[in-house]
Amino acid sequence: MPPNIPFSPGDEMIRIAVLISNKGTGSNLAAVIKAIDRGEIKNAKVAVVVSNKEDAYGLIRAKKKKIHAVTMDLKDFIRRGKSRTDFDAALGKLLKKEYKADLVVLAGWMLILSEKFIKYFPNKTINLHPGLLPSGDADFIKLSDGTKIRAIRGLHTDDAVQFAIDQGYPATGSTVHFITPKVDQGPVIIRSEVKILPNDTVETLYKRMKDEEHKILPKAIALFCENKLKIKKGRVIFT
Ligand code: GAR
């Protein structure tokens, strides 16, 4: 759809696949569903939620909303003699062919996805990361007060939050970015910066980070669905 043309009945809905795990509670999935219900994300629906662990609370949230909920366990796959890249290819194929997904959202997904997956969704998979990232491979990122901190790559959930506290950073935050084969280096769509307070624990800081994640993830998806994101030379351009 060309940019800035409002959705009119008859246009096809953008089908979103949300990938989660049991490391969180699916709170970002819930924020996405709410934003669709409220019309903040237009012309879209969550077509399927996939977890690589069957005890992910997000699967229960999906079922309550009558959304297809699928478990695809990597360990099962390996037990059946398949490889890690077979898993990526099978996941890509499932989302593309069976669920006809147009956009994949990693909202608490813990497995790195290789080119075998990405080839099904080039520039159509976005990741939510609990750390501030630059677009590309720079080691550092500038906070709003001018302080430079090291980008937090390769750490998940609580570990990424703990790292920011341990480093004594004045702030940390979350990033929504397109994925590329280079982990945590894809073009950035939105970041939210969150101040670290003197008595912060992982729990108190992560709570404030998640409150922001619940805003920036739906916002990034809304921009995608309105066709307002283009990628040029490894950077996101807002059209
Ligand atoms: C989110 O905080 C997200 O940033 C993080 O998982 C959490 C899921 O929370 N993602 C990663 O760590 C991936 N590197 P939720 O289940 O409450 O939405």
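As shown above, the structure is provided for reference.
Residues numbered from 1 in each chain as written. Predicted model: local features only at pLDDT ≥ 70, side-chain atom pairs only at ≥ 80, totals over all residues. Heavy atoms only, no water.

Visitor: I would appreciate a short explanation of helix H7 (residues 202-225) in the present structure.
Guide: In an α-helix, one full turn covers 3.6 residues, which means residues spaced three or four apart are oriented alike. Counted at 1.5 Å a residue, the expected span for H7 with its 24 residues is 34 Å, and the 33 Å between its end C-alpha atoms agrees. Among the residues trailing H7, Asn 227 stands out with phi positive, at a value near 60 degrees. (Helix = DSSP H or I, 4+ residues; strand = E, 2+ residues; numbered from the N terminus. Expected span 1.5 Å × (residues − 1).)

Visitor: Help me understand the layout of surface pockets in this model?
Guide: By rolling a water-sized probe across the atoms, one finds the places where empty space is left. By volume, the largest pocket is sized at about 490 Å³. In this structure, the largest pocket is lined by 31 residues; those nearest its centre are Trp 109, Met 110, Asn 127, Leu 128 and His 156. (1 Å grid on protein atoms, 1.4 Å probe; cavity = no way out; pocket = protein on both sides within 12 Å on 5 of 7 lines; lining within 4 Å. Points joined across faces, edges and corners; volume = space filled by probe spheres on them.)

Visitor: How do you make sense of the sheet that holds strand S4 (residues 103-106) when you look at a structure like this?
Guide: Hydrogen bonding along the main chain pairs the strands of a sheet, whether they run parallel or antiparallel. Strand order in the open sheet formed by seven strands is S3-S2-S1-S4-S5-S8-S9, with mixed pairing between adjacent strands. On the outer flanks of this sheet lie strand S3 (68-71) and strand S9 (188-195), each paired with one strand and no other. Strand-to-strand, the axes of this sheet are offset by a mean angle of 20 degrees, without reference to chain direction. One ladder, built from seven bridges, connects strand S8 (residues 171-178) with S9; its direction is antiparallel. Bridge pairing links His 177 to Val 188 in S9. Sitting on the sheet, helix H2 (residues 57-64) touches strand S1 (14-20), strand S2 (44-51) and S3, and the angle it makes with S3 is about 155 degrees. (Pairing = 2+ DSSP bridges. Axes fitted to C-alpha atoms, helices over the stretch in contact; angles between N-to-C directions. Contact = heavy atoms within 4.5 Å.)

Visitor: I keep staring at H2 and nothing clicks. Help me out?
Guide: Listed as buried for H2 are Gly 58, Leu 59 and Ala 62. Buried residues along H2 cover an arc of 105 degrees about the axis, so they all sit on one side. What points out from H2, more than 90 degrees from its buried face, is the exposed set Lys 63 and Lys 64. In the core, the buried residues of H2 are packed alongside S1, helix H1 (27-37), S2 and S3. Of the residues flanking the end of H2, it is Lys 66, one or two places downstream, whose phi is positive at about 60 degrees. (Buried < 20%, exposed > 50% of the residue type's maximum accessible area, 1.4 Å probe, protein only. Arc of directions from axis to C-beta.)

Visitor: Sorry, what's going on with the environment of Lys 53 here?
Guide: Here Lys 53 is to be found in the loop between S2 and H2. Considered as a pair, Lys 53 and Pro 218 are 165 residues apart in the sequence and their alpha carbons are 24 Å apart. If we skip the residues at most four places from it in the chain, Lys 53 touches Asn 22, Leu 59, Thr 71 and Lys 75.

Visitor: Sorry if this is basic, but what is going on with the pairing of S3 here?
Guide: Looking down a regular strand, the side chains alternate between one sheet face and the other. The pairing of S2 with S3 spans four bridges and is parallel. Within S3, the position partnered with Val 50 by the bridge is Val 70. The parallel pair S2 and S3, bridged by H2, forms a crossover whose chirality is right-handed. (Right-handed = clockwise from strand over helix to strand, strands pointing away.)

Visitor: When you look at the pairing of S1 in this model, what are you seeing that I'm missing?
Guide: Within S1, six of the seven residues are buried, which leaves the element mostly enclosed by the surrounding structure. As paired strands, S1 and S2 are joined by seven bridges and run parallel to one another. Pairing of Ile 14 across the sheet is with Ala 44, part of S2. With H1 bridging S1 and its parallel neighbour S2, the resulting β-α-β unit is right-handed. Taken together, the four bridges between S1 and S4 define a ladder with parallel strand orientation. Looking at the pairing, Leu 19 lines up with Leu 106 of S4.

Visitor: Help me out: how do you make sense of the side chain of Asn 52 in this one?
Guide: Along the chain, Asn 52 turns up in the loop between S2 and H2. Residue classification places Asn 52 among the buried residues on the basis of a relative accessible area of 7%.

Coordinates in, geometry out; function isn't part of it.
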